Amino acid sequence: MLDSTLRPLVDRALGPPARLLVRLGVTANMVTWTGFVIGMGAAASIAAGWFTAGLVMILANRMCDGLDGAVARASRPSDVGGFLDITLDFIFYSAIPFAFCVNDTQHALAGAFLIFSFVGSGSSFLAFAIIAQKRGISTDQRGKKSFFYLGGLTEGTETIIFLIIASLMPTYFGVLAWIFGSLCWVTTVTRIRTSLEMLQAHQAETTGDDE
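All of these numbers come straight from a predicted model, not from anything done at the bench.

**Q** Hey, could you go over the packing of helix α4 (residues 79–103) against helix α6 (residues 156–168) for me, with residue numbers and the actual values?
**A** As a packed pair, α4 and α6 sit with axes 12 Å apart at the nearest point and diverge in direction by 20°. With respect to their mutual orientation, α4 and α6 come out roughly parallel. The handedness of the crossing between α4 and α6 comes out as left-handed. Of the residues in α6, those touching α4 at F92, Y93, I96 and F100 are G156, T159, L163, A166 and S167. Across the contact of α4 with α6, the residue classes break down as 6 nonpolar, 3 polar and no charged.

Below, the structure is given as structure tokens:
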């Protein structure tokens, strides 16, 4: 929900350091892998009960996630980079709830629901992105992406806020997970509805052009 508003600000802020990294010979994939390693460190720290360290590494991971795209745009974007970015992001987003459950098994049901919700939210926009690429449907509303990023109530910014709050108040992770997971399902439903509307409209337009 907030990504489209914050994206221009983030892109402007990350532009200078990204160009510096390019001059130093750092590639976008290097930044992506570095962020992923830090993210797994965050999960390990949370599982061990080191929530402050986990929070710091979550923020570092998210910084790398924004920076790798900026580095790619400052050099040359690639399909490999886009694939790594989304794949490693999904692993990270699943690892953090799992880590909270490892730390306290009383959160297991809530954590499972949250990961279940992430699957619904993620698959709904990835499935559309595949077809959008095939049909030539594109948008730059959330910055230049390697795939069509369909928005919703819970996007990257909201997820970061959730992870920060959960890390600051780990004993409330279960309650927070139920709430955020439910919001993710609102996103999933709206994405499915929007996807169907856009695809049906595109199909009707294409059919009309062929006649």
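After that view, the rundown keeps rolling.
**Q** Summarise the nonpolar core; cite the residues concerned and give the values.
**A** Buried together is how nonpolar side chains tend to be arranged in soluble globular proteins. I96 and F173 are the most contacted members of the largest nonpolar core, which has 23 residues in total. Taken together, the elements giving at least two residues each to this core come down to α2 (28–47), α3 (51–74), α4, α5 (108–135), α6 and α7 (173–210). Per-element tally for this core: the top contributor is α4, with 7 residues. Not counting residues within four places of it along the chain, the set of residues in contact with F173 comprises P97, F100, C101, H107, G111, L114, F162 and A166. In this structure, A28, V31, L67 and V71 belong to the second largest nonpolar core, which totals 10 residues.

**Q** Break down the side chain of T188 for me, with residues and values.
**A** As for its position among the elements, T188 is in helix α7. Classification of T188 by relative accessible area gives buried; the value is 4%.

**Q** Please give an account of a nonpolar patch on the surface that cites residues and values.
**A** Taken together, the side chains of I161, I165, L168, M169 and Y172 make up a nonpolar region of the molecular surface, amounting to roughly 470 Å² of accessible area. Mapped onto the fold, I165 is located in helix α6. Judged by its relative accessible area of 32%, I165 falls in the partly exposed class.

**Q** I'd like a description of the packing of aromatic side chains, backed by residues and values.
**A** How two aromatic rings sit relative to each other is set out by the distance from centre to centre and by the angle between their planes. By the definition in use, this model includes 10 aromatic pairs. Plain terms: the ring middles of W33 and F36 are 6.0 Å apart, the flat faces sit at 85° to each other, and that makes the pair edge-to-face. Linking W33 with F36, this pair stays in helix α2, spanning 3 residues, or about one helical turn. Residue W33 is classed as partly exposed on the basis of its relative accessible area of 42%. Using a relative accessible area of 15% as the deciding quantity, one classes F36 as buried. Look at F162 and F173: their rings are 6.3 Å apart centre to centre, the planes differ by 45°, and that puts the pair in the tilted class.

What counts and how
- Residues numbered from 1 in each chain as written.
- Predicted model: local features only at pLDDT ≥ 70, side-chain atom pairs only at ≥ 80, totals over all residues.
- Heavy atoms only, no water.
- Axes fitted to C-alpha atoms, helices over the stretch in contact; angles between N-to-C directions.
- Helix = DSSP H or I, 4+ residues; strand = E, 2+ residues; numbered from the N terminus.
- Parallel < 35°, antiparallel > 145°, perpendicular 65-115°, else oblique.
- Left-handed = near helix turned anticlockwise from the far one by under 90°.
- Contact = heavy atoms within 4.5 Å.
- Nonpolar A, V, L, I, M, F, W, Y, C, P; charged D, E, K, R; others polar.
- Core = buried A, V, L, I, M, F, W, Y, C linked by side-chain atoms within 4.5 Å.
- Buried < 20%, exposed > 50% of the residue type's maximum accessible area, 1.4 Å probe, protein only.
- Patch = residues over 30% accessible without salt bridge, like charges linked within 9 Å, V, L, I, M, F, W, Y side chains within 5 Å.
- Areas by Shrake-Rupley, 256 points an atom, 1.4 Å probe, with all protein chains shown as cover.
- Salt bridge = Lys/Arg side-chain N within 4 Å of Asp/Glu carboxyl O.
- Phe/Tyr/Trp six-rings, centres within 6.5 Å; stacked < 30°, edge-to-face > 60°.

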